[in-house]
Amino acid sequence: MSYKVGLLRSWKAPVPVVVVGNLTAGGNGKTPVVIWLVEALTQKGFRVGVVSRGYGGKADQYPLVLSSNTATKQAGDEPVLIHHRTKAPVAVAPRRSDAIKALLELYCLDIIITDDGLQHYALARDYEIVVIDGQRRFGNGWWLPAGPMRERAGRLKSVDALIVNGGQPQQNEVAMALEGDIAVNLLTGDKLPVIELRAVVAMAGIGHPPRFFLSLENKGLKLIKAHSFSDHQPYQQQQLTELTPNNEPLLMTEKDAVKCQSFAQSNWWYLPVQASFDEVGENKILSEIENIIDIYKKACH
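Under an unreviewed UniProt entry, the name given to the protein chain is Tetraacyldisaccharide 4'-kinase, and the source organism is Providencia burhodogranariea DSM 19968. The record held by UniProt for the protein chain lists under Catalytic activity (unreviewed entry) the comment "a lipid A disaccharide + ATP = a lipid IVA + ADP + H(+)". Word for word, the UniProt comment on the protein chain under Function (unreviewed entry) is "Transfers the gamma-phosphate of ATP to the 4'-position of a tetraacyldisaccharide 1-phosphate intermediate (termed DS-1-P) to form tetraacyldisaccharide 1,4'-bis-phosphate (lipid IVA)."

Laid out in structure tokens, this is it:
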């Protein structure tokens, strides 16, 4: 609140900062939006970096700039997933400004995407995207822990873009769907249409596991069992091998897979997903962000 009323000053980066966040806790589809944004801007020729608080990870020192072998127990599962998928520079730190400074010391970047951090007002931002779960929306409307809310729904009036994941989009909301039909084997990297797995034991340690399980059933898979774990939970090999006593296929989310890679078994599979949007909404968000990058570049010359 001190930042909102001007008692404290937010730190402003020398490059544009885009926040992808939400008003409710967990499971809205925020990470796929970050990945989409990084890939879309990279394809347009921009140099993109990502910062995160690194929830669920504990590094020896911060800021931590990720490498290809950074473990999820150091950086958290979502930053590792984003780095693996996009190959973009990623840094984590409790104070996101420290992460941005670390990236800018190492890389020449045109823009920074911050994974979460809508409520992190210590960092000034140029563009805010809120991702909404189209099925659950805002639940009972109460604040944590009595309900799912991190901020009041009135905050939506001040953000730049609203993306709704599933459900029925309302006025000014950009419709998004998560798509993915190719399963990847954790041990071998082999790929096959997920429907060919037929019957699976499913597991998910994400903000809202039922969304993943329902998506598998909608694809025609039979779920022998469905195991929900808490979001960001670390896993042990024995804990997961016990889920498939008859060596059934174990199918998990990509966010789970990055935590299990080092002890993967031959019957373990994950299902990567991509965010897809209605074209008008997608183009509007990208063009508005491009304009902001152009403004910064002109100011530098």
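On to the domain arrangement of the protein chain. A common way to state how big an interface is: give the accessible area lost once the parts meet. Assigned domains within the protein chain: domain 1 (2-177 + 276-300) and domain 2 (181-272). A straight line from the C-alpha centre of domain 1 to that of domain 2 covers 26 Å. Listed per partner, the contact involves 14 residues of domain 1 and 9 residues of domain 2. A buried area of about 1100 Å², summed over both sides, lies between domain 1 and domain 2, and 55% of it is on carbon and sulfur atoms. Remark: the boundary between domain 1 and domain 2 carries 4 salt bridges. D77 is paired through a salt bridge with K259; the nearest N and O atoms lie 3.2 Å apart.

To continue, consider the side chain of T70. Mapped onto the secondary structure, T70 falls in the loop between β3 (64-65) and α2 (72-75). When its relative accessible area of 11% is taken as the criterion, T70 is described as buried. Those residues in contact with T70 that lie beyond four places of it in its chain are L64, V65, A75 and V80.

Structurally, I285 can be placed in helix α8 (residues 279-300). Given the relative accessible area of 2%, I285 is considered buried. Along the sequence, I285 and L251 sit 34 residues apart, while their C-alpha atoms lie 33 Å from each other. Not counting the four nearest positions on each side in its chain, I285 is found in contact with W36, Y127, I129, A161, I163 and V174.

Cut-offs and rules
- Residues numbered from 1 in each chain as written.
- Predicted model: local features only at pLDDT ≥ 70, side-chain atom pairs only at ≥ 80, totals over all residues.
- Heavy atoms only, no water.
- UniProt positions renumbered as here; feature names shortened; annotations may be inferred.
- Domains from an automatic or database assignment.
- Contact = heavy atoms within 4.5 Å.
- Buried area = accessible area lost by both parts, 1.4 Å probe.
- Salt bridge = Lys/Arg side-chain N within 4 Å of Asp/Glu carboxyl O.
- Helix = DSSP H or I, 4+ residues; strand = E, 2+ residues; numbered from the N terminus.
- Buried < 20%, exposed > 50% of the residue type's maximum accessible area, 1.4 Å probe, protein only.

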